[in-house]
Amino acid sequence: MKPSIYLVDIDRPDTWARYRKGMCNTCMASCCTMPLEVKLADLVRLGMVDPFEAEHEVPKQIAKRLSKAGLIDHFNFKYGLFTLARRASGDCHFLDAITRRCTVYDNRPNTCRKHPEQVGARPGYCAYRAKTTPSST
């Protein structure tokens, strides 16, 4: 049997594995390479928006500022959703490139808190890819 890294296609949820508690500990953080939509409250929790600004500023203006700063890629005015910008590699800005762990875990957005059990392209499933370990020589 081939390792799961060859079987999973992040763009094809039918290839994803049923989520089980503890999977994240051995995963390459595949979910952290997908576009991330967040709400204004998430941006406040992440420290990207000041609570006063969130309460008194129009979301469209906040989106304009965050876009100019390179922090978001898109703002969906109809649903009030901000799509966070990612690194050139496709990784979330909050993902540690070496450990593949979230650097803002306690303040992570609700989308991340609920993934994969309640949200995502296929709730209850994730694009699990096992971490590769360097072979000992």
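As shown above, the structure is provided for reference.
These lines cover the structure that appears in this document, whether it is placed above or below. (Residues numbered from 1 in each chain as written. Predicted model: local features only at pLDDT ≥ 70, side-chain atom pairs only at ≥ 80, totals over all residues. Heavy atoms only, no water.)

Before going further, it helps to examine the sheet that holds strand β4 (residues 81-84). The antiparallel open sheet is built from 3 strands, whose spatial order is β2-β4-β3. Edge positions in the sheet fall to β2 (37-38) and β3 (72-76), since each of these pairs with one other strand and no more. Summarising the sheet, β2 and β4 pair through 2 bridges and their orientation is antiparallel. Within β4, the residue paired with Glu37 across the bridge is Thr83. (Pairing = 2+ DSSP bridges. Helix = DSSP H or I, 4+ residues; strand = E, 2+ residues; numbered from the N terminus.)

This part is about the pattern of salt bridges. Evaluation of the coordinates by the stated rule reveals 4 salt bridges. A salt bridge links Arg45 to Asp42; the nearest nitrogen and oxygen atoms lie 3.0 Å apart. Placement of both Arg45 and Asp42 in helix α2 (residues 40-45) is noted, with a separation of 3 residues, approximately one turn of the helix. One salt bridge in this structure joins Asp91 and Arg100, with 2.7 Å as the shortest N-O distance. The residues Asp91 and Arg100 share a single accessibility class, namely buried. (Salt bridge = Lys/Arg side-chain N within 4 Å of Asp/Glu carboxyl O. Buried < 20%, exposed > 50% of the residue type's maximum accessible area, 1.4 Å probe, protein only.)

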